[in-house]
Every structure is written in C-alpha cells, then in structure tokens.
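The residues making up each chain are set out below.
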Amino acid sequence: MQEKLISKKKPSFPISKKLSTYLTQYSRNVLMPVFYDDLLRYSGSVEVFDKTGADTLWIRVYYKEYERDEIDLSLKKIYTILHADGSDGSLPYLNVDAIDYCTFGNSKPFRIKIRNVLNDNYMYMYIKRADASRVYGLEIEHLLSPDRINFLVHKDTLVEEHIQGIPGDVFMSEGYEDFSSRDQKQLAKEFVKFNERCLLRLLGDMRSYNYVIVPTHDFDQVQFRIRAIDFDQQSYEGRVKVYMPQFLKENGKFVEMVHNNLREESIQQYKIEERSAISKRIIRVQDRINFLLECMSEDEISSEEKVKRLRKDLFDYTKDKRFKTCKNMGAILRVAFDFVVRNYENVNHYVIHWVEKKWGQTNFYAQKNGLGMGLVAVKIDVVQTFHIS
C-alpha cells in the first residue's frame, strides 16, 4: 500500500509586514484598482467544459451590468501594470473575454482572459487571495529556477502571469511509449533535474497536474523543460518525500521513464548539474536571498510539528547537524541553501573568488585544479566565500 504523503488541505497564511517590505523593495508590491474580494461578487455562472466535454471544475462568472464595465476596466489596468508600464494608452485595444473561477484547490483563483482587439492575440492572468507560502514559492522560483516569474501583490490580492505549457498529466496521457527514444531520454533527464530542484528549494506537492511540460524546437530535435505552476506548498509539509516528485504516485509514468532510459551514473550527473546551477544562482543573488530568508524565518508558514519532522528527515538525508537546531521553515531553507553552496564550492576548484582589497589592490584567488595548476594573483590571508548569514 502506497504511503499517503499529503492528507489535509493547507491553510492560507497572511502577508507579514516584513514580507510586504521585501516585495516593495523589489517592485512586487503595487497599487491595484480591483481586489480578489471584488471579483467574488458575481451574480451568476455556468460550468466550463474542455474539448472532450469533461468538467474542468472552472465556472464562467458574470456580473451585474452596472458593475461589469468598472470591473472590466480595472482588470485591463491590472493587465497593463503586470505586462507593461501601467499607462492607459493600450486600454482601448484590450478586451476582457472571460472571467473564470476555480472551485477546486487551495487558492480558488480567478482566470482572466485578455484579448487584443487589433489582432485577436490573447493572454491569461490569475487573481488569487494572497498567501505567504505561495509568494515565497513564486519568489524562490524566480530567483533559483531557469525561468522568470511575473507576479504582483497588494494587501490580500495576488496577481500572477499565466505559465504556458502542457500539464504533465495531459502530456503523459498521450502515451509516452510512442515517443522516440531520444525524446524519452530528454524527458527523463528533465524529470531528474526537476525532482532535484524541488527538493533543494523545498517545493512540495508537485503532482503531474501541478507542473507543465514546455517543448522547444532546437535544430533537429525537440527540447523539453518542466516548470512548476503551483507554489502554495512551499516549505509547508513535514515529510521530505513530499518535496521529491518521484515519490508522488501521479508521477509514476515519469519515474518509469527514468528507470527505463537512464543509467545510475547519468542520474547522478544530472543531479550534480542541477545542484551546481542552483548554487550559482544563490551566489549571484545572495543579498536578496538573505532578505527573503529573514522574512521567512520570522513568518509562521507551517506548524511546529511539521518543522520538527522535516528537520529530522533532512538531517537523516544529509547528515548536516545544523538542521537539528532549526526552529522554523526559514531556518531550514537557509541551512539547505548553505549546504548545497558549500558542497559546490568545496568541489569546484576552478572558481576565481572575489576577495577584499588588500595593500591597495583587489586580489583574486583560485584553488588548485585537478591538474595541479591554479591562478594566484598574490599571496593572501583571507578569501571571501559565500555564506548565508
């Protein structure tokens, strides 16, 4: 019998004053002409079905005529704030084609379809009730994943750009056995990297419908990327397996694909590649990561029981004793980031480190590489290496 990893619905956590300050500093906090609660005042709805006639669990909502014009104008303004400079010049060329409301899931979002009337191109955006867990997840994804995330927050309202791609469950239902050997190996590689990335940044509940597959044509082949689209399980659960997509039953086909197409040596290689990529990103945004982790350490985004369970699981997994003293999810994530960066720097002997000025000049230092050669500008006593303080 398979272990049930996620048993209860996650509560929503408010945006703290310090997190709001962080969002303001990095231009995420903006004034909005309409809030999540305003959209809840719809007067009617109809069910939305997919192309096969199945219920999507979304409903298309309608508003009273005297409210609709104001709501449409406000939504178009939010669109220009999210995607442009917020000016009114493009408003006459935008139209709100549909407002859908999801009755399933934690965030219960509104999905807004905005169309350019000049060329019929359209885009989606989502308006949700702001949840601190989701905001942390979005920001960490923006900083440490290969992809950028566009979102805005004001008070209890969160606006997210639509992430394009094919839902993982839909993609695999088409029959991966018919994919070419090259495509299967490419997908297997990406799933290994995605699995490692979720674990390192503690993003949980990545079941196949919570991420998308993004195919990109590249010369004579198709490259695949896996992107998370649901972030409200950031650093919430207490069991480490929740943060490893390979243990979620909905991902069974991907796990099977990895076993059938990759040798253990290749799996380890791709894990190292992903750890190294994340380490480099952490180093490049050190100050911003520190500020974000300070906010998280002062926030209550999980229970004490879950914190104790996760720090024990991570100690068993890494043998890093510093996990034992963590009091909250922010502290756990800080130790996890420091762990992966420290291991990267200890192994990589080719990095030239920046050091403080000494004797009136800036000195550089590189550890000896595997060939017994290295670059040393001058003899120095202190080398500045990365550490999350």
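In short, a report on the structure.

Parameters and conventions
- Residues numbered from 1 in each chain as written.
- Predicted model: local features only at pLDDT ≥ 70, side-chain atom pairs only at ≥ 80, totals over all residues.
- Heavy atoms only, no water.
- 1 Å grid on protein atoms, 1.4 Å probe; cavity = no way out; pocket = protein on both sides within 12 Å on 5 of 7 lines; lining within 4 Å.
- Points joined across faces, edges and corners; volume = space filled by probe spheres on them.
- Helix = DSSP H or I, 4+ residues; strand = E, 2+ residues; numbered from the N terminus.
- Nonpolar A, V, L, I, M, F, W, Y, C, P; charged D, E, K, R; others polar.
- Contact = heavy atoms within 4.5 Å.
- Buried < 20%, exposed > 50% of the residue type's maximum accessible area, 1.4 Å probe, protein only.
- Polar contact = N/O pair within 3.5 Å; in protein donor to acceptor, adjacent residues only side chain to side chain.
- Phe/Tyr/Trp six-rings, centres within 6.5 Å; stacked < 30°, edge-to-face > 60°.

### What to know about the layout of surface pockets
Next, step 1: Counted as a void, the largest pocket has a volume near 1700 Å³.
Next, step 2: Contributing to the lining of the largest pocket are 44 residues, with Trp 58, Arg 111, Pro 167, Tyr 209 and Ile 229 lying nearest its centre.
Next, step 3: Among the elements of the structure, strand 1 (44-49), strand 2 (55-62), strand 3 (94-102), strand 5 (122-129), strand 7 (157-161), strand 8 (166-167) and helix 5 (168-173) are those that each provide at least two residues to the lining of the largest pocket.
Next, step 4: If you tally residues by element for the lining of the largest pocket, the top one is strand 2, at four residues.
Next, step 5: Tallied by class, residues from the lining of the largest pocket come to 17 nonpolar, ten polar and 17 charged.

### Quick look at the environment of Arg 281
Next, step 1: Tracing the chain through its elements places Arg 281 in helix 8 (residues 264-284).
Next, step 2: Arg 281 sits 137 residues away from Leu 144 along the chain, and the two C-alpha atoms are 5.7 Å apart.
Next, step 3: Once you skip the residues sitting within four places of it in the chain, Arg 281 turns out to touch Leu 143, Leu 144, Ser 145, Pro 146 and Glu 274.

### With respect to the side chain of Ser 208
Next, step 1: By the secondary structure assignment, Ser 208 is in the loop between helix 6 (181-201) and strand 9 (211-218).
Next, step 2: Ser 208 gets classed as buried once you look at its relative accessible area, which sits at 6%.
Next, step 3: In terms of polar contacts, Ser 208 uses its side chain to reach the backbone carbonyl oxygen of Glu 250, at 3.4 Å.
Next, step 4: Beyond its immediate chain neighbours, meaning those up to four positions away, Ser 208 contacts Pro 167, Gly 168, Asp 169, Glu 250 and Asn 251.

### A closer look at the packing of aromatic side chains
Next, step 1: Within the structure shown, the criterion is met by 13 aromatic pairs.
Next, step 2: Centre to centre, the rings of Tyr 36 and Phe 110 are 5.5 Å apart; their planes meet at 65°, and the pair counts as edge-to-face. Taken together, the residues Tyr 36 in helix 2 (residues 36-39) and Phe 110 in strand 4 (residues 110-116) connect sequence positions 74 residues apart. Grouping residues by exposure puts Tyr 36 and Phe 110 together as buried.
Next, step 3: With a centroid separation of 5.9 Å and 65° between ring planes, the pair formed by Tyr 211 and Phe 254 is classed as edge-to-face. In this pair, Tyr 211 is assigned in strand 9 and Phe 254 in helix 7 (residues 252-261), connecting sequence segments 43 residues apart. Taken individually, Tyr 211 and Phe 254 each receive the classification buried, so the pair is uniform in this respect.

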